[in-house]
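Fold and contact review
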Amino acid sequence: MAASSIMAVEDEPAIAELIAFNLQHAGHHPIRAFSAEQAQSLMVDVLPDLVLLDWMLPGKSGILLAKELRADERTRQIPIIMLTARSDEHDKVMGLDVGADDYITKPFSPKELMARIKAVLRRRAPQLTDDLVSINGLKLDPVTHRVTALQSDSGEQLKLSLGPTEFRLLHFMMTHPERVHTRAQLLDQVWGDHVFVEERTVDVHIKRLRASLAPVGCSEMIETIRGSGYRFASVPDQ
Ligand code: CA
């Protein structure tokens, strides 16, 4: 699993410490917040890849924070795992349907927590995992940063050379195929939130990515959707 920034919103210092320790041990970057208000002020600067959210917090509750994150365009996509103290709280919070991706009852083992985080990230943000992606002979390996394309006539695996931005762009598009991404969405996902670059920059890198894919006959996998953005086509045209 690649390093992800994970915010733990937890007011009990011992649990917050345990979570941060285990996140760090697993190679993630823990961000600690002791209240919903603190979490929100930290998110003004930078968005985490995932939020672990305690239900019972001083001040604003975890449930209210989850609802607010889901209602805001900027934070809507952040995966949330709710932490509850008892199984009856667990049932209640599930019944409230706050839009969380998963729920864990305290006390939980570090192993269980890490497994849940991994599963949620794999489902919600596959571009953050180290899983090999392979579509129609085009293979991208996040561990080695290697991209290869299978040549159907010779059966050869040809290596492609991509710049770092083109690599991230291709990784995001291959893990979210068939969907149309606007330039603004691609900027958020590939360049990062709060990075002030013009939307035209996306076009420049799409052009470079297509040029890198052209020698292996894969440039047409990146489709321009007029007036909307770009799409990675996973189904080859016949
Ligand atoms: Ca609490």
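Going by the structure above, here's the rest.
Quick caveat: nothing in here was measured; it's all calculated off a predicted structure.

Reading the values: rules and limits
- Residues numbered from 1 in each chain as written.
- Predicted model: local features only at pLDDT ≥ 70, side-chain atom pairs only at ≥ 80, totals over all residues.
- Heavy atoms only, no water.
- Salt bridge = Lys/Arg side-chain N within 4 Å of Asp/Glu carboxyl O.
- Buried < 20%, exposed > 50% of the residue type's maximum accessible area, 1.4 Å probe, protein only.
- Donors = N, O, S within 2.8 Å, 3.2 Å for Na, K, Ca; no water.
- Helix = DSSP H or I, 4+ residues; strand = E, 2+ residues; numbered from the N terminus.
- 1 Å grid on protein atoms, 1.4 Å probe; cavity = no way out; pocket = protein on both sides within 12 Å on 5 of 7 lines; lining within 4 Å.
- Points joined across faces, edges and corners; volume = space filled by probe spheres on them.
- Nonpolar A, V, L, I, M, F, W, Y, C, P; charged D, E, K, R; others polar.

Digging into the pattern of salt bridges
By the definition in use, this model includes 14 salt bridges. Here Arg122 makes a salt bridge to Asp131, at a shortest N to O gap of 2.8 Å. With a relative accessible area of 39%, Arg122 lands in the partly exposed category. A relative accessible area of 31% places Asp131 in the partly exposed class. One salt bridge connects Arg231 with Glu223, and the closest N-O pair in it is separated by 2.8 Å. Arg231 gets classed as partly exposed once you look at its relative accessible area, which sits at 24%. The network of salt bridges with shared partners includes Glu10, Glu12, Asp54 and Lys106.

So, the coordination of the calcium ion
Within the protein, Asp11 (OD), Glu12 (OE), Asp54 (OD) and Met56 (O) serve as the donor atoms for the calcium ion, at 2.1 to 3.2 Å. Between consecutive donor residues of the calcium ion, the sequence gaps follow D-E-x41-D-x1-M. With Asp11 in the loop between β1 (5-9) and α1 (13-25) and Met56 in the loop between β3 (50-54) and α3 (62-71), this residue pair connects regions lying 45 residues apart in the sequence. The partly exposed category is assigned to Asp11, whose relative accessible area is 26%.

Things to note about the layout of surface pockets
Here the largest pocket is characterised by a volume of approximately 1300 Å³. Surrounding the largest pocket, 42 residues form its lining, Gln127, Phe172, Asp188, Gln189 and Val190 being those nearest its centre. When contributions to the lining of the largest pocket are tallied by element, the ones reaching two or more residues are α5 (110-124), α6 (164-175) and α7 (183-191). With six residues, the single largest contributor to the lining of the largest pocket is α7. Each residue belonging to the lining of the largest pocket can be placed in one class, and the counts come to 19 nonpolar, twelve polar and eleven charged.

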